[in-house]
Amino acid sequence: MSDLRPPKIPQSVLVVIHTAELDVLLIERADRPGFWQSVTGSKDAVDEPAHETAVREVFEETGIAVGSAAVPMANLRDWHLSNVYEIYPQWRHRYAPGVTHNTEQVFGLRVPRDVPVRLSPREHLQHVWLPWREAADRCFSASNAEALLHLPRFL
């Protein structure tokens with residue numbers, strides 16, 4: 001059976017969700033158990049602003065509503081960092097033929113420690129809050145781990 005969805009756009013966001021105390025939310029991928037990460041996701045359209053992608057992906061993956069009273073829009077910060085990385089071979093079929101690299105823009109999102117997290121079960125199995133260094137050690141993605149190590153300088 002062929003996939004009728006359009007190819008993914010090789011431009012994405014990485015959103016480091018954290019508390020003021022530097023605890024970080026990690027989520028475990030449903031398609032790769034044991035692979036822990038921050039919120040990530042591709043743009044829906046080439047002209048979609050990255051901050052809109054970040055807001056959408058955070059809500060889709062965690063149920064956290066950026067722009068709500070609990071998590072004001074001002075708590076989402078563009079870290080002005082980007083990563084270009086090779087797309088893992090097992091996920092390249094999602095992109096147009098010949099696309100091998102993705103550009104990822106990094107954001108931070110400060111949330112209250114007691115913010116409810118509601119995972120999308122088709123995307124993620126479970127979540128955990130960890131101190132930032134421990135979270136960096138648990139990430140399967142080198143670019144995600146590196147972003148977590150930058151967290152203290154963006155507070």
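Look up: the structure comes first, before these words.
No experiment lies behind these values; they were computed from the predicted model shown.

**Q** Sorry, what's going on with the pattern of salt bridges here?
**A** Between side chains of opposite charge, a pair can form as their charged atoms come close. Tallying each qualifying case throughout the model produces 9 salt bridges. Arg29 serves as the salt-bridge partner of Asp31, at 2.8 Å between the closest nitrogen and oxygen. Judged by its relative accessible area of 13%, Arg29 is buried. Salt-bridge contacts for Asp44 lead to Arg56; the nearest nitrogen and oxygen are separated by 3.2 Å. In this pair, Asp44 is assigned in the loop between β4 (39-42) and α1 (50-62) and Arg56 in helix α1, connecting sequence segments 12 residues apart. In this structure, a network of salt bridges that share partners links the residues Asp44, Glu48, Arg56, Glu57 and Glu60.

**Q** It is not clear to me how the packing of aromatic side chains should be interpreted in this structure. Could you clarify?
**A** To describe a pair of aromatic rings, one takes the distance between the centres and the angle between the planes. All chains considered together, the criterion is met by 5 aromatic pairs. Arranged with centres 4.4 Å apart and planes meeting at 5°, the rings of Trp79 and Phe154 form a pair that is stacked. In this pair, Trp79 sits in strand β5 (residues 76-86) while Phe154 sits in the segment after α3 (142-150), placing the two residues 75 residues apart along the sequence. Exposure remark for Trp79: the relative accessible area of 4% places this residue in the buried category.

**Q** What exactly am I supposed to notice about the nonpolar core here?
**A** Side chains of a nonpolar character, in soluble globular proteins, are inclined to be buried together. One finds Val15, Ile17, Val58, Ile64, Leu109 and Val111 to be the most contacted residues of the largest nonpolar core, which totals 20 residues. If you list the elements that add at least two residues to this core, you get β1 (11-18), β2 (23-29), α1 and β6 (101-110). Apart from residues no more than four positions distant in its own chain, Ile17 is found in contact with Asp23, Val24, Leu25, Val39, Val58, Thr62, Ile64, Leu109, Val111 and Trp129. Grouped together as the second largest cluster of nonpolar side chains are 19 residues, Val106, Ala135, Ala136 and Leu151 included.

**Q** Would you mind going over the environment of Ala30 with me for this structure?
**A** Within the secondary structure layout, Ala30 lies in the loop between β2 and β3 (36-37). Taking the C-alpha atoms as reference points, Ala30 and Glu123, separated by 93 residues in sequence, lie 5.1 Å from one another.

**Q** Which parts of the structure should I look at to understand the side chain of Ser120?
**A** Following the sequence through the fold, Ser120 ends up in the loop between β6 and β7 (124-131). Each residue touching Ser120, except ones within four places of it in the same chain, is listed here: Glu60 and Glu61.

What counts and what doesn't
- Residues numbered from 1 in each chain as written.
- Predicted model: local features only at pLDDT ≥ 70, side-chain atom pairs only at ≥ 80, totals over all residues.
- Heavy atoms only, no water.
- Salt bridge = Lys/Arg side-chain N within 4 Å of Asp/Glu carboxyl O.
- Buried < 20%, exposed > 50% of the residue type's maximum accessible area, 1.4 Å probe, protein only.
- Helix = DSSP H or I, 4+ residues; strand = E, 2+ residues; numbered from the N terminus.
- Phe/Tyr/Trp six-rings, centres within 6.5 Å; stacked < 30°, edge-to-face > 60°.
- Core = buried A, V, L, I, M, F, W, Y, C linked by side-chain atoms within 4.5 Å.
- Contact = heavy atoms within 4.5 Å.

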